[in-house]
Amino acid sequence: MVNVELLKSEIKDLGVTQSTLAEKCHVSMQTISKWLANPRTMSIYHAKVLVDALRITDDDKILAIFFAPNVEKDSTYDQEDEH
C-alpha cells in the first residue's frame, strides 16, 4: 500500500508543483493527480520515475512510501493471531 500522505509531503518539501512533477516524469498533470488520488494506478516503473524525479535516494524512505503496511487490519485476522 502506498503512503500517499508521505508522498505528498515529499512533493511539498521539495517545493515541486504537480505540473512540474508531471514534466519531470513525462506524464500529464492529470496522471500525477490520479496517482495521488489512487496510487494503485501507478506502475512500478512509474513509481521509480517518480522517485527519481523527487530525488529520493534514501531506501528506507522509498520503502516507507511505496511499501507501507496496510494500517487497516481486519479485526478477524487480529483475533486469529492472538490464539
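What you see is a predicted model, and the numbers here were worked out from it, not measured in a lab.

Trainee: I keep staring at the environment of Lys34 and nothing clicks. Help me out?
Mentor: Following the sequence through the fold, Lys34 ends up in helix α3 (residues 29-37). Classification of Lys34 by relative accessible area gives partly exposed; the value is 47%. Every residue in contact with Lys34, bar those within four places of it in the chain, is listed here: Pro39 and Thr41.

Trainee: When you look at unusual backbone geometry in this model, what are you seeing that I'm missing?
Mentor: Phi is mostly negative for residues that are not glycine, and the peptide bonds are mostly trans. Of note in the backbone geometry, His26 takes a positive phi value of approximately 60 degrees without being a glycine. Mapping His26 onto the fold places it in the loop between α2 (18-25) and α3. Not every positive phi belongs to a glycine, and Arg55 is a case in point at roughly 55 degrees. Tracing the chain through its elements places Arg55 in the loop between α4 (44-53) and α5 (59-66).

Trainee: Is there a simple way to explain the nonpolar core in this structure?
Mentor: Inside soluble globular proteins, nonpolar side chains tend to come together where they are buried. Counting 21 residues, the largest nonpolar core has Leu7, Leu21, Cys25, Ile32, Leu50, Leu54 and Phe66 as its most contacted members. Elements with a minimum of two residues in this core: α1 (4-14), α2, α3, α4 and α5. Those residues in contact with Cys25 that lie beyond four places of it in its chain are Ile32, Val49, Leu50 and Ala53.

Trainee: What is the right way to read the side chain of Glu10 from this model?
Mentor: You can see Glu10 is positioned in helix α1. If we skip the residues at most four places from it in the chain, Glu10 touches Ile56, Lys61 and Ile65.

Trainee: Sorry if this is basic, but what is going on with the environment of Thr41 here?
Mentor: Structurally, Thr41 is set in the loop between α3 and α4. A residue is classified by how much of its surface remains accessible, and Thr41, at 36% relative accessible area, is partly exposed. The spatial distance from the C-alpha of Thr41 to the C-alpha of Thr31 is 9.2 Å, given a sequence separation of 10 residues. Those residues in contact with Thr41, other than ones at most four positions away along the chain, are Lys34 and Trp35. Within the structure, the side chain of Thr41 is placed 2.8 Å from the backbone oxygen of Asn38, a separation counted as a polar contact.

Trainee: Explain the packing of α2 against α3 here, please?
Mentor: Axis angle and axis distance: for two packed helices, these are the angle between their axes and the distance between the axes, and together they describe the pair. Direction vectors running N to C along α2 and α3 enclose 105 degrees, while the axes themselves pass 8 Å from each other. Regarding the angle of α2 to α3, the classification is roughly perpendicular. When α2 is examined against α3, the residues Gln18, Ser19, Leu21, Ala22 and Cys25 are found in contact with a partner set consisting of Met29, Ile32, Ser33 and Leu36. Classifying every residue of the contact of α2 with α3 by side-chain character gives 6 nonpolar, 3 polar and no charged.

The rules behind each value
- Residues numbered from 1 in each chain as written.
- Predicted model: local features only at pLDDT ≥ 70, side-chain atom pairs only at ≥ 80, totals over all residues.
- Heavy atoms only, no water.
- Helix = DSSP H or I, 4+ residues; strand = E, 2+ residues; numbered from the N terminus.
- Buried < 20%, exposed > 50% of the residue type's maximum accessible area, 1.4 Å probe, protein only.
- Contact = heavy atoms within 4.5 Å.
- Core = buried A, V, L, I, M, F, W, Y, C linked by side-chain atoms within 4.5 Å.
- Polar contact = N/O pair within 3.5 Å; in protein donor to acceptor, adjacent residues only side chain to side chain.
- Axes fitted to C-alpha atoms, helices over the stretch in contact; angles between N-to-C directions.
- Parallel < 35°, antiparallel > 145°, perpendicular 65-115°, else oblique.
- Nonpolar A, V, L, I, M, F, W, Y, C, P; charged D, E, K, R; others polar.

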